[in-house]
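Each chain is listed here by its residues.
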Amino acid sequence: MQIAMRAELLLWSPEEYPNVSGVVALPHNKGCGCPDGTPVEMLMKVLARYIEHPNVAAALVIQLGCEKSNFTAFSKYMEPLVDKKPVKFLGIQECGGTQATIRRGLEIVGEFLELANRCERETASASELILGVKCGGSDAFSGITANPALGYAADLLVRCRGTVILTEVPEIYGAEHLLAERARDEEVARQILDAVEWFRRYVGTFGHDLDENPSLGNIEGGLINIAIKSLGAIAKAGTTRIEGVIGYADPPFGRGLYLMQGPGYDQESTPGLVAAGAQIVGFTTGRGTTIGNAIAPVVKIASNTPTFERMRSDLDINAGTILDGAETIEQVGERIFRELLAVASGKPCKAELNGHREFQVWAVEGVSL
């Protein structure tokens, strides 16, 4: 974290490096005191997918030196990446402590900035875009304004032969049969139902139930049970057929719409979408959510005008105009689609302007995915 902060303060500037958006750290809380197995493997998979992501030009990987998630364990995930982009490794114990590591890290980042600045934007088809769709802080209006409008934009992207990833499996609970009806074949339909059943069993191992969703904020916003919340939540995936079900942080195996296994918690599901390859995330909110992502823009869409007006500095698009009678779902959907293309082309979204760079990995414990 200190290397990234000092690099942005001392080494990087948009004037000197116009093709570089910044220097970002990905701190995490896994390594020594976490269970063996899935939590460690998930961490290393996500970190590798972030390094592989097209938004990342180069990476510096730092270890203490004696943790579970060390370079040796990480090597099997890194082998496919070493020839694709610059990646260097530093061990704090080997370097001689914190300050020595920071000094060497800044030297490496300085070299990386020169390399990264050689990257230039090129015109590409919308078919190359992967969009993650998310909702957080939903209210009763989310399912009738922001979510279906984002879903319309998602349909437009799929029509361009782009790719869309829906996640938050606990928040399709009660509506999974509607998604299964849209599956490309019987096998995918079964996978959709199995994904929900897996999550039901998973939360059950901790003594909980999927019916405990929605959250207090959702309830205050008018979503009184999970069925109502889920019916609104699935609308953000549009109406096209579902091509397949992928694991958390796993890339789609083709174009079109996919369901990704993952939690409803924003700070874990959004990084999962990005790790799966989403270069941009469309995020709807009724209560007002300030989330961003460490390496990908998160475009936030308000479900109602009062929330948008109150949080203009954090929200990009107001879908409350549908509720106000000023626009249709289709009109707002087209506006969202154009905004997504603009942000993908370099326009900064509010989360980027505010410096929101959240990153957290879903710690799956007690079961295997």
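Whatever comes next refers back to the structure up there.
Within each chain, residues carry numbers counting from 1 in the order of the written sequence. Whole-chain, interface and lining totals are the exception, using all residues; otherwise, since this is a predicted model, local features are given only for residues with pLDDT of at least 70 and side-chain atom pairs are given and counted only at 80 or more. To obtain the side-chain values, all non-hydrogen atoms of the structure were used and water was disregarded.

**Notes on the side chain of Ser-303**
Only DSSP runs of H or I with at least four residues qualify as helices, and only runs of E with at least two residues qualify as strands; both kinds are numbered from the N terminus onward. Residue placement: Ser-303 occurs in the loop between strand S8 (298-302) and helix H12 (305-310). Under the relative-accessibility criterion, Ser-303 is labelled buried at 0%. Whenever a nitrogen or oxygen atom comes within 3.5 Å of another N or O atom, the pair is scored as a polar contact, on the condition that within protein one atom can donate a hydrogen and the other can accept it, and that pairs from neighbouring residues in sequence are kept only if both atoms are in side chains. Of note is the side chain of Ser-303, whose polar atom sits 3.2 Å from the side chain of Asn-304. Two residues qualify as a contact provided that any one of their heavy atoms is within 4.5 Å of a heavy atom in the partner residue. Sequence-distant contacts of Ser-303, that is, excluding residues within four places in its chain, are made with Asp-139, Phe-141, Ser-142, Thr-145, Ala-146, Thr-285, Gly-286, Ala-319 and Gly-320. The buried label applies to any residue whose accessible area, calculated with a 1.4 Å probe on protein chains only, is under 20% of its type's maximum; exposed applies above 50%, and partly exposed to all values in between.

**Quick word on the nonpolar core**
What we call a nonpolar core is a set of buried Ala, Val, Leu, Ile, Met, Phe, Trp, Tyr and Cys residues that are connected through their side-chain atoms within 4.5 Å. In terms of nonpolar packing, the biggest core is built from 91 residues, with Val-46 and Ile-336 touching the most fellow members. Apart from residues no more than four positions distant in its own chain, Val-46 is found in contact with Tyr-248, Ala-249, Ala-275, Phe-359 and Val-361. Among the nonpolar cores identified, the runner-up in size contains 13 residues, and Ala-4, Tyr-17, Ala-25 and Val-109 belong to it.

**Digging into the pairing of strand S2 (residues 87-91)**
At least two DSSP bridges between two strands are required for those strands to pair. One ladder, built from five bridges, connects strand S1 (residues 59-63) with S2; its direction is parallel. Across the sheet, the residue bridging to Val-61 is Phe-89, located in S2. Handedness of the β-α-β unit built from S1, helix H3 (residues 71-78) and S2 comes out right-handed. Convention used here: a crossover is right-handed provided that the path from the first strand, over the helix, to the second strand proceeds clockwise when the strands point away from the viewer.

**Examining the packing of helix H1 (residues 2-10) against helix H5 (residues 98-116)**
The packing of two helices is summarised by the inter-axis angle and the distance between the axes. Angles here are taken between N-to-C directions and fall from 0 to 180 degrees, while the axes themselves are lines fitted to C-alpha atoms, restricted in helices to the stretch in contact. The N-to-C vectors of H1 and H5 enclose an angle of 50°; their axes lie 9 Å apart at closest approach. The angle between H1 and H5 falls in the class oblique. Handedness of the crossing formed by H1 with H5: right-handed. Contacts between H1 and H5 involve Gln-2, Ile-3, Arg-6 and Ala-7 from the first element and Gln-99, Thr-101, Ile-102, Gly-105, Leu-106 and Val-109 from the second. Here is the rule for angles: anything less than 35 degrees is roughly parallel, anything more than 145 is roughly antiparallel, 65 through 115 is roughly perpendicular, and the remaining ranges are oblique. By the definition used in this description, the sense in which the near helix is turned from the far one sets the handedness, with an anticlockwise turn below a right angle giving left-handed and a clockwise turn giving right-handed.

**With respect to the pairing of strand S4 (residues 163-166)**
A two-sided burial pattern is seen for S4, the buried positions comprising Thr-163 and Ile-165 on one face and Val-164 and Leu-166 on the other. With four bridges joining them, strand S3 (residues 130-135) and S4 adopt parallel strand pairing. Bridged to Val-133 within S4 is Leu-166. The parallel pair S3 and S4 is bridged by helix H6 (residues 146-159), and the resulting crossover is right-handed. Bridge analysis of S4 against strand S6 (residues 256-260) gives four bridges, and the strand direction is parallel. Of the residues in S6, the one forming a bridge with Leu-166 is Leu-259.

**With respect to the pattern of salt bridges**
For this document, the term salt bridge refers to a Lys or Arg side-chain nitrogen within 4 Å of an Asp or Glu carboxyl oxygen. Across all of its chains, the model carries 21 salt bridges by this definition. Lys-84 serves as the salt-bridge partner of Glu-52, at 3.3 Å between the closest nitrogen and oxygen. You can see Glu-52 sitting in helix H2 (residues 38-52) and its partner Lys-84 sitting in the loop between H3 and S2, a full 32 residues away along the chain. For Glu-52, a relative accessible area of 35% corresponds to the partly exposed category. Close ionic contact of Lys-236 with Glu-168 constitutes a salt bridge, the shortest N to O distance being 3.1 Å. Of the two residues, Lys-236 sits in the loop between helix H10 (226-233) and strand S5 (242-246) while Glu-168 sits in the loop between S4 and helix H7 (176-180), which places them 68 residues apart along the sequence.

**Regarding the packing of aromatic side chains**
Aromatic ring pairs are defined here through the distance separating the ring centres and the angle between the ring planes. In this analysis, rings of Phe, Tyr and Trp, with Trp reduced to its six-membered ring, are considered paired at centre separations within 6.5 Å, and the interplanar angle assigns stacked below 30 degrees, edge-to-face beyond 60, and tilted for intermediate values. Under the defined criterion, the tally for this structure stands at eleven aromatic pairs. With centroids separated by 5.7 Å and ring planes inclined at 90°, the aromatic side chains of Phe-199 and Tyr-202 adopt a geometry described as edge-to-face. Taken as a pair, Phe-199 and Tyr-202 lie in helix H8 (residues 186-204) at a separation of three residues, close to a single helical turn. Judged by relative accessible area, Phe-199 falls into the buried class, the value being 4%. The class of Tyr-202 is buried, set by a relative accessible area of 8%. Taking the centre distance of 5.0 Å and the plane angle of 85° together, the rings of Phe-253 and Tyr-258 count as edge-to-face. Exposure remark for Phe-253: the relative accessible area of 60% places this residue in the exposed category. The exposure class of Tyr-258 is buried, given its relative accessible area of 3%.

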